[in-house]
Amino acid sequence: MFKVVFPEKTVEFEAPLSVFDAAKAAELVTRAHIAAEVGGQTVGMTHLLTGDCEVKLLTFADAAGKHVFDHTAAHILAQAVKRLYPATKLTIGPAVESGFYYDFDSEIPFTAEALSALESEMKKIVKENHLIERFELPRAEALALMEEKGEPYKVQLIHELPEDAVISFYRQGEFVDLCAGPHLFSTAAVKAVKLTQCTGAYWKGDQNNKMLQRVYGVAFPSKDELKAHLEALEEARKRDHNKIGRELEFFTTVESIGQGLPILLPKGARVIQTLQRWIEDEEQKRGYLLTKTPLMAKRELYKISGHWDHYLDGMFVLGDPDDYTKDCFALRPMTCPFQYQVFLNKKRSYRELPMRLGETSTLFRNEDSGEMHGLIRVRQFTISEGHLVLRPEQLAEEFRGCFELANYCLETLGLKEDCSFRFSQWDPARTDKYEGTPEQWDHAQGVMKEILDDLGIDYKIGIDEAAFYGPKLDIQIKNVFGKEDTLITIQIDMLLAEKFGMEYVDSDGQMKRPYIIHRTSMGCYERTLALLIEKYAGALPTWMAPVQVKILPIGDEHADYAYGVKKQLEAKGVRVEVDDRNETIGKQIRTTQLEKVPYMLVIGDNEMNAGTVAVRSRKDGDKGAVSVDAFLSDLLAEIEEKRR
RNA sequence: GCUGCUAUAGCUCAGUCGGUAGAGCACGUCAUUGGUAAUGACGAGGUCAUCGGUCCGAAUCCGAUUAGCAGCUCCA
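Just so you know, these numbers come straight off a predicted model, no measurement behind them.

1. Observations regarding the nonpolar core
Logical step 1: Leu 275, Phe 399 and Val 549 are the most contacted members of the largest nonpolar core, which has 75 residues in total.
Logical step 2: The element best represented in this core is helix H12 (residues 395-413), accounting for nine residues.
Logical step 3: Sequence-distant contacts of Phe 399, defined by excluding residues within four places in its chain, comprise Met 448, Ile 451, Leu 452, Leu 455, Leu 473, Ile 490, Ile 492 and Ile 517.
Logical step 4: In this structure, Leu 58, Phe 104, Phe 220 and Leu 226 belong to the second largest nonpolar core, which totals 39 residues.

2. Structural notes on the sheet that holds strand S33 (residues 576-578)
Logical step 1: Read across the open sheet, the five strands follow the order S33-S32-S34-S35-S36; overall the sheet is mixed. Edge strands, defined here as strands with exactly one partner in the open sheet, are S33 and strand S36 (621-627). If you compare each strand with its neighbour and ignore which way they point, the axes differ by 25° on average.
Logical step 2: Pairing analysis gives six bridges linking strand S35 (residues 612-617) to S36, with the strands arranged antiparallel.

3. Observations regarding the packing of aromatic side chains
Logical step 1: Applying the stated criterion to the full structure yields 21 aromatic pairs.
Logical step 2: On the basis of an interplanar angle of 75° and a centroid distance of 4.9 Å, the ring pair of Phe 60 and Phe 69 is categorised as edge-to-face.
Logical step 3: Judged by centre distance (5.2 Å) and plane angle (65°), the ring pair of Trp 278 and Trp 543 falls under edge-to-face. Of the two residues, Trp 278 sits in helix H8 (residues 266-285) while Trp 543 sits in the loop between helix H15 (525-535) and strand S32 (549-553), which places them 265 residues apart along the sequence. The same class applies to Trp 278 and to Trp 543, which are both buried.
Logical step 4: Directly above the aromatic system of Tyr 408 lies the positively charged group of Arg 286, at a separation of 5.1 Å from the ring centroid.
Logical step 5: Positioned above the aromatic ring of Phe 343 is the side chain of Arg 348, whose terminal nitrogen or guanidinium carbon lies 5.8 Å from the ring centre.

4. A few points about the pattern of salt bridges
Two side chains that carry opposite charge are able to pair once their charged atoms sit near each other.
Logical step 1: Counted according to the given criterion, the structure contains 44 salt bridges.
Logical step 2: Close ionic contact of Arg 356 with Glu 398 constitutes a salt bridge, the shortest N to O distance being 2.7 Å. Here the residue Arg 356 occupies a position in strand S23 (residues 355-364), and Glu 398 occupies one in helix H12, the gap between them amounting to 42 residues.
Logical step 3: By relative accessible area, which is 9% here, Glu 398 ends up buried.

5. A closer look at the sheet that holds strand S11 (residues 132-136)
Strand pairing in a sheet relies on backbone hydrogen bonds, with the paired strands running either antiparallel or parallel.
Logical step 1: The strand order across the open sheet formed by three strands is S11-S12-S13, and the pairing between neighbours is antiparallel. Each edge of the sheet is formed by a strand with only one pairing partner; in this case those strands are S11 and strand S13 (175-178). The sheet shows a mean angle of 25° between the axes of neighbouring strands, direction not considered.
Logical step 2: Summarising the sheet, strand S12 (residues 168-172) and S13 pair through four bridges and their orientation is antiparallel.

6. Overview of the environment of Met 122
Logical step 1: Note on placement: Met 122 falls in helix H3 (residues 112-128).
Logical step 2: Residues Met 122 and Ser 420, spaced 298 residues apart in sequence, show a C-alpha to C-alpha distance of 36 Å.
Logical step 3: Those residues in contact with Met 122 that sit more than four places away from it in its chain are Ala 73, Ile 76, Leu 77, Ala 80, Phe 100, Val 193 and Leu 195.

7. Description of the pairing of S12
Logical step 1: Of all the five residues making up S12, four are buried; the element is thus mostly covered by neighbouring parts of the structure.
Logical step 2: Pairing between S11 and S12: five bridges, direction antiparallel. Looking across to S12, one finds that Arg 134 is bridged to Tyr 170.
Logical step 3: Count of turn residues in the S12/S13 antiparallel hairpin: two residues, of which Gly 173 carries a positive phi of about 60°.

8. Things to note about the confidence of the model for chain A
Logical step 1: Of all residues in chain A, 97% have pLDDT values of 70 or greater, and the mean over the chain is 89.
Logical step 2: Listed scores for the predicted complex are pTM 0.90 and ipTM 0.88.

Conventions and cut-offs
Residues numbered from 1 in each chain as written. Chains lettered and ligands numbered in written order. Predicted model: local features only at pLDDT ≥ 70, side-chain atom pairs only at ≥ 80, totals over all residues. Heavy atoms only, no water. Core = buried A, V, L, I, M, F, W, Y, C linked by side-chain atoms within 4.5 Å. Buried < 20%, exposed > 50% of the residue type's maximum accessible area, 1.4 Å probe, protein only. Helix = DSSP H or I, 4+ residues; strand = E, 2+ residues; numbered from the N terminus. Contact = heavy atoms within 4.5 Å. Pairing = 2+ DSSP bridges. Axes fitted to C-alpha atoms, helices over the stretch in contact; angles between N-to-C directions. Phe/Tyr/Trp six-rings, centres within 6.5 Å; stacked < 30°, edge-to-face > 60°. Lys NZ or Arg CZ within 6 Å of the ring centre and 35° of its normal. Salt bridge = Lys/Arg side-chain N within 4 Å of Asp/Glu carboxyl O. pLDDT = per-residue confidence, 0-100.

Shown next, in the form of structure tokens:
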């Protein structure tokens, strides 16, 4: 006799039985239930219950349920591939956040036509309604089975399993795959599937390994859900900054200038200027000292900082790096070693700390040719950079200050709700990539963990994501394709101070080593602009909009009045455009939705005679006739508030 | 850097079998004059990304380069 506790009720059973049978006996199971959580672990509906347990039934709406569903879809894909391309070798095929993929080793490239053929075959497999059975084998038999089936990658995976691992397989029809599971009860539930793309991916994610073919797909329990998903995806892609940022004339690129070197057009440049002035002023209010340091330096500087050893491939080098009879320069990929010179300028007292140094800093990184992406990943960018030189006991307080500033920036930009936190740590197994000793890293990461936990930050840990000189708090954000990038970073650097011989005279007269925080307040302007464009679909909040007000005179006779209003607004710093194409167009008032202007002022006889403007707000629609003074004062208040 | 795809007018795209280029929007001129995305007529715009090859002949076929897109790997 044992108890199975469902959230709804508790049922007692005499003999072991499957989750499905237990749920059926409890009269809880429906067709929507595709998996279950038993004792906190996701299992299939055929999982055998043998003792007291808590069981929660899962549907596709549960993240864990969707995961099982997608994983089964990946197996169906693999089955279809083995049917149509029997020579293909299987590797791995997990469920991921956006659906599922399966990596194959195949000599034949999977073209769009091939994907569509595979999709049809998958639908066939779904219709065939194969039950999905789990079975386990001892290691020797498991290896024999995979060798017999000619699956070298699976053989390798089995060899890499720990000695005591349970080696499980899943069978559906003629198809068998090494897999930990769990899976759906049958292939029939995967009612709607779409293979979205095929790309290359390295075996085990290592670029020294063979490149496999990765087929991505999405799957749903119904065609309607698939359709809705695809439409939502298409909708998101309409906000792609790389498309609308060009259409709206924020930026462009030119072949002869090169990859990753965008031209910021007047509109994009104006937005960035607005952000820059705002953040420089804000930092000044928070006790930052502004610096301006060179964009390049001799190789000797980077030798001290460690960049020469750890970052040479990422730098643009001017001159022959191996010829020591001549000077060799490199454009700076980071500001740290330059800004440290500000501190090093003279002997420093503990009284001067914390020293908060800020700089609007342009950096150059020679990214690999396939890495560039619109304004998000470029080879030259400008960052709201800063370094804080601290007494050790000031670390927590100053870190908090950096975090609060970053938060303030994200809130003001409206991006905060889209961000997540990552505590980026080193990988002790890859000491070649990092400076410093394990003791130094343990210390830095220990201190940082304490600070993060104290601030109550909900972070996930990223191993091997640290900078070469220290751990980071990275504030991550996703673009419209779901790809995650770092928007803001706050780093604790306990190594470079030593390398550069930075020290201060403490109150006891002793020379002490300062701690350094390396941080940005709102990240790099290009990337931030890109994410703002995507967030707002190009319709930026008034305070940062490149054109805040557009004036539309209806006909020639109103043009003078329109330009008068423009002058009045501009005198207060408002960014105004007059669309006088109306003069020759007459009753056709052409407005450009793509320009996403917050306010339009329409001027006809009524307005001109009454000294008003007809205000049309992007947000609130038609607001009727308003005096120019009233409009201006409301607008200035809104801009001042810096909120949408 | 790797895998796959792409490059024709400012933009979005047609262009069949290899026979020297087309539309819509945008732009210019003229006409129209009045209210929130598309008035009409006419006009101007292209060494078909670049270089090379095959061919009597290349936008079209082949190769290389450059640039763009998605993914991988790296990274703000």
